[in-house]
Amino acid sequence: MADQKTRLGGAGRVPVIALTGHLGAGKTSMLNHLLRRPGARLGVVVNDFGALNVDAALVSGQVDEAAAISGGCVCCLDDSGGLDEALHRLSRPRLRLDAIVVEASGVAEPITLARLIGRSGANRTRPGGLVEVIDAVEHFRTVDLWPEPPARYAAATLVVINKVDLLPEDQREQVLARIRERVRQRNPRVQIVTARHGRIDPGLVFDTADDGDPAGELPLAQLIRDQNRDLHDHEHARAASVELTRPISPSMLIDLLEDPPEGAYRLKGRVRVRGSRTEQGFVVNVVGTLIHIAPLPAPPPTGELVAIGMRLDQPAAQQRLDAIAGTPADEPDTAGLRRLRRYRTLST
């Protein structure tokens, strides 16, 4: 299983997910929920362990290693040195982590934190998205107080409107619609989901390569198998996938990554394309609007593409994935390769 995970991880870069939100929004509740994902190997960076029972998590194996940053809020540091040190330590290959979660303090500026992660000197990591948690009950009394929507919305790749169960039933839809409208004024393409007690499908945030997945399947295999199962405590994400048994068109691939299927929050997979002389392999990751492409040591004999989202249009997504898999790409696509390499340059 470790070999499978290495293949899917490409160059071995660990995604770093920022978890932000105002004081009391439910970030720690969400982090605790994510830590309970079976088989997850997570690194955690927090300012103050607080209500997060890190000792219990370490004992139970939910967290492989935790790092605390002293000196206050992550984004108030004079430079990114404290965060970089934590990311360097947690991204060591021997830890074989699925992801690193940075839980920012309630006064952290998401835009600054996203910039710190994106510019981090920890070269074994990559940005894995920024999850902004909103307190549905208190939001318009604590965060969104001015005519212009808060700038913090702009940094998010996923917005979770939490505590929806605490809204008065006769006002719930109106309040949620108002929050969505304000968020989209700043960030029209961001994915927005609702939650109770910080519970969202962990498959939206990171993959795991746990022992529950049969050999040869993606870490998302369980997600795909159970996509219609009622999990009781949170709404399950939808997924579409395709196996790739031959080289694909780099132009079609980039078109998919730049314009994902309706409702897709994440895209992931391993692909091979035909270059001017030989076939080349790449691992691709999309989180919201973030695109990351990295070369593989060798083209995968069989690759895959997976699309995930809470409101994914599964038939449309499957049609696009099948089209990529079914389109012959026996000749080099020079223009497509240039587009692909541009993202590869930006991502390495």
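Residues numbered from 1 in each chain as written. Predicted model: local features only at pLDDT ≥ 70, side-chain atom pairs only at ≥ 80, totals over all residues. Heavy atoms only, no water.

With a phi angle near 65°, Lys163 is a residue other than glycine that sits in the positive phi range. Topologically, Lys163 is positioned in the loop between strand 6 (158-162) and helix 7 (172-186). For His197, which is not glycine, the phi torsion reads 60° and is therefore positive. One can find His197 in the loop between strand 7 (191-194) and helix 8 (221-225). Residue classification places His197 among the partly exposed positions, given a relative accessible area of 47%. (Helix = DSSP H or I, 4+ residues; strand = E, 2+ residues; numbered from the N terminus. Buried < 20%, exposed > 50% of the residue type's maximum accessible area, 1.4 Å probe, protein only.)

Attention shifts here to the pattern of salt bridges. In total, this model carries twelve salt bridges according to the counting rule given. Between Asp144 and Arg182 there is a salt bridge, with the nearest N and O atoms lying 2.6 Å from each other. With a gap of 38 residues between them, Asp144 in the loop between helix 6 (139-142) and strand 6 and Arg182 in helix 7 connect regions that are remote in the sequence. For the pair formed by Asp144 and Arg182, the shared burial category is buried. (Salt bridge = Lys/Arg side-chain N within 4 Å of Asp/Glu carboxyl O.)

Attention now goes to empty space enclosed by the protein. One pass over the full model with this rule turns up one cavity of 30 Å³ or more. Of the voids in this model, the largest cavity is the one considered here, and its volume is about 40 Å³. Around the largest cavity sit His22, Ala25, Glu132, Val133, Ile134, Asp135, His139, Thr142, Val143 and Arg152, which together line it. Contributions of two or more residues to the lining of the largest cavity are made by strand 5 (125-135) and helix 6. Sorting elements by how many residues they give to the lining of the largest cavity places strand 5 first, with four residues. Here the lining of the largest cavity is built from residues that sort into four nonpolar, three polar and three charged. (1 Å grid on protein atoms, 1.4 Å probe; cavity = no way out; pocket = protein on both sides within 12 Å on 5 of 7 lines; lining within 4 Å. Points joined across faces, edges and corners; volume = space filled by probe spheres on them. Nonpolar A, V, L, I, M, F, W, Y, C, P; charged D, E, K, R; others polar.)

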